[in-house]
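Here is how the chains run, residue by residue.
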Amino acid sequence: MFAVLKTGGKQYKVQAGDVLRVEKLDAVAGQKIQFNEILMVGGESLTIGVPFVAGAAVQAEVIDQIKGEKVIHFVKRRRKHSSQRTKGHRQHLTLVRVLDVLAAGADATGVAAATGTADARRAAHNNAPAPVVEAPAKPKRAAKAAVVAE
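From a predicted model like this one, the values you see are computed outputs, not experimental measurements.

**Some words on unusual backbone geometry**
Next up, step 1: Cis peptide bonds are those with omega within 30 degrees of zero, and the linkage from Val50 to Pro51 qualifies with -10°.
Next up, step 2: Among the secondary structure elements, Pro51 is positioned in the loop between strand 6 (47-48) and strand 7 (57-77).

Here it is, written out as structure tokens:
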């Protein structure tokens, strides 16, 4: 049985036992996660989602948080400017091993849904109120205010 899942703006065709490098997820090594955005489930019969297959999921285990290969971005301005710049970037990735493809019953498993780090930051920001921090009183200003009040 195979499934096509969507995560990090990309689509992956997976089956049990596959190891994937996906965009960074908010999970630690050894944690079991579940991908709920399933576009297609195949096997004996093919089910195509509109846009997602209801009740389908892919369960996976996080192996590690890694960095991808370095990508070099080189800019050179010719003629009068004659300047050049080199920048590098290594994308943060999550290494996951697919454990199981569920065609139905994903809601009753109780496994945490796979979310990206941006989604986790957004959810934490929206749910938790910002802590109120009062600035400590300045001693010189307090002393001047006491003299003026007398």
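The discussion continues.
**Section: the side chain of Thr94**
Next up, step 1: Looking at the secondary structure, you find Thr94 in strand 8 (residues 83-102).
Next up, step 2: A residue is classified by how much of its surface remains accessible, and Thr94, at 0% relative accessible area, is buried.
Next up, step 3: Within the structure, Thr94 has its side chain in polar contact with the side chain of Gln65 (distance 2.8 Å).
Next up, step 4: Every residue in contact with Thr94, bar those within four places of it in the chain, is listed here: Leu20, Arg21, Val22, Glu23, Lys24, Leu25, Val62, Asp64 and Gln65.

**A word on the pairing of strand 8**
Next up, step 1: Where strand 3 (residues 19-23) lies against strand 8, five bridges are found, and the strand directions are antiparallel. Residue pairing across strands places Val19 opposite Arg97, the latter belonging to strand 8.
Next up, step 2: Bridging between strand 7 and strand 8 involves 18 bridges; their strand directions are antiparallel. Bridged to Val62 within strand 8 is Val96.
Next up, step 3: Counting the residues between successive antiparallel strands, the hairpin from strand 7 to strand 8 contains five residues, one of them, Arg79, with a positive phi of roughly 65°.

Procedures and definitions
Residues numbered from 1 in each chain as written. Predicted model: local features only at pLDDT ≥ 70, side-chain atom pairs only at ≥ 80, totals over all residues. Heavy atoms only, no water. Helix = DSSP H or I, 4+ residues; strand = E, 2+ residues; numbered from the N terminus. Buried < 20%, exposed > 50% of the residue type's maximum accessible area, 1.4 Å probe, protein only. Polar contact = N/O pair within 3.5 Å; in protein donor to acceptor, adjacent residues only side chain to side chain. Contact = heavy atoms within 4.5 Å. Pairing = 2+ DSSP bridges.

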